[in-house]
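A look at the structure
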Amino acid sequence: MKIDVLTLFPQMLDGFLSESMIGRGLKHGILDVAVHNLRDWSKGKHNQVDDRPFGGGAGMVLMPEPLFDAIEELQTPQTHRIYLAPDGDPLTPDLARDLAKKERLLLVSGHYEGIDDRVRENLIDQEVSIGDYVLTNGTLAAAVLIDCLSRFLPGFLGEEKSLTNESFQDNLLDFPQFTRPAVFRNMPIPEVLLSGNHAEIEKWRQREREERTRKRRPDLLEDSP
Ligand code: ADE
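Residues numbered from 1 in each chain as written. Predicted model: local features only at pLDDT ≥ 70, side-chain atom pairs only at ≥ 80, totals over all residues. Heavy atoms only, no water.

1. Describing the pairing of strand 7 (residues 126–129)
Taking every second residue as pointing to the same face, both faces of strand 7 are buried, with Gln126 and Val128 on one and Glu127 and Ser129 on the other. Inspection of the sheet shows strand 5 (residues 79–90) paired to strand 7 by 5 bridges, in the parallel sense. Across the sheet, residue Leu84 finds its bridge partner in strand 7, namely Val128. (Buried < 20%, exposed > 50% of the residue type's maximum accessible area, 1.4 Å probe, protein only. Helix = DSSP H or I, 4+ residues; strand = E, 2+ residues; numbered from the N terminus. Pairing = 2+ DSSP bridges.)

This is how it looks when you write it as structure tokens:
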């Protein structure tokens, strides 16, 4: 999958794209990410990309021209164009799985008070929010979206199995994990995990998932079919 990111703060993505699983996915060619600085499409001697909002009010709004020019240059007929915004579609595992099937994405990150609405109306296919809070700009939201959908790309996770039992796959949170040593500072791990009895371990894990979900996120159980 090819992802273009359009942002005023490309350096915010440097560490994200070089480290850990995303870094590995890029190296292995499972995904390809190109980061573009919106300022490269600004005109005039001050490289201006934002201006005061019509109608008054605080903050600055990204001007339509650099955004139109950049998106029109970067998009291809295959591109699904996404604007990251707090009033977009909530990011869920289902949405991430659907987006992971697209051939090409263009993620547009706004800042401060937002972008000229003519861009949203004419050049954006979908708007996505990563949660009910407001970030200073959409660049971290673009990183969250890339991270979340990458896990659904074929070959991205070493063991395909790691997707099967995790939180939110089936409205249940994940079970607790332990590793060596079996007793640490007088704290033993649950005995069943040392039993070698896989059926009992599975039963225990399922019970823990249900218990955790009841305690921490009862809303997930109410939503289940
Ligand atoms: N930009 C600012 N806040 C955001 C959010 N919660 N989700 C996506 N993009 C954003």
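There is more to say after this.
2. Examining the site of the ligand
In the vicinity of the ligand, the contacting residues are Leu84, Ala85, Pro86, Val128, Ser129, Ile130, Gly131, Tyr133, Val134, Leu135, Gly138 and Ala141. Take Ile130: an N or O atom from its main chain is 3.0 Å from a nitrogen atom of the ligand. The separation between a nitrogen atom of the ligand and a polar main-chain atom of Leu135 is 3.0 Å. Mapped onto the shell around the ligand, the elements with two or more residues apiece are strand 5 and strand 7. For the shell around the ligand, the leading source of residues is strand 5, giving 3 residues. (Near = heavy atom within 4 Å. Polar contact = N/O pair within 3.5 Å; in protein donor to acceptor, adjacent residues only side chain to side chain.)

3. Quick look at the UniProt feature "binding site: S-adenosyl-L-methionine" (unreviewed entry) in the chain
As recorded in UniProt, the sites labelled "binding site: S-adenosyl-L-methionine" (unreviewed entry) are Gly110, Ile130, Gly131, Asp132, Tyr133, Val134 and Leu135. In this structure, Gly131 sits in the loop between strand 7 and helix 6 (139–150). The exposure class of Gly131 is buried, given its relative accessible area of 18%. On the secondary structure map, Val134 appears in the loop between strand 7 and helix 6. (UniProt positions renumbered as here; feature names shortened; annotations may be inferred.)

4. Details of the nonpolar core
One finds Ile3, Val5, Ile82, Leu84, Leu107, Ile146 and Leu149 to be the most contacted residues of the largest nonpolar core, which totals 29 residues. Looking at this core, the elements that each hand over two or more residues are strand 1 (2–7), helix 1 (14–18), strand 5, helix 4 (93–99), strand 6 (104–109) and helix 6. The element that contributes the greatest number of residues to this core is helix 6, accounting for 6 residues. Counting residues in each nonpolar core, the second largest holds 18 residues, with Leu38, Leu67, Ile71 and Leu74 among its members. (Core = buried A, V, L, I, M, F, W, Y, C linked by side-chain atoms within 4.5 Å.)

5. Section: the pattern of salt bridges
Scanning the entire structure with this criterion turns up 15 salt bridges. Linking Asp98 and Lys101 is a salt bridge whose minimum nitrogen-to-oxygen distance equals 3.6 Å. On the basis of relative accessible area, Asp98 is assigned to the partly exposed category, the value being 44%. Given a relative accessible area of 64%, Lys101 falls into the exposed group. Between Glu200 and Lys203 there is a salt bridge; the shortest N-O distance is 3.0 Å. You can see Glu200 and its partner Lys203 sitting in helix 7 (residues 198–216), 3 residues apart, about one turn around the helix. Overall, the relative accessible area of 47% leaves Lys203 in the partly exposed class. Linked by salt bridges that have partners in common, Lys2, Asp4 and Arg104 make up one network. (Salt bridge = Lys/Arg side-chain N within 4 Å of Asp/Glu carboxyl O.)

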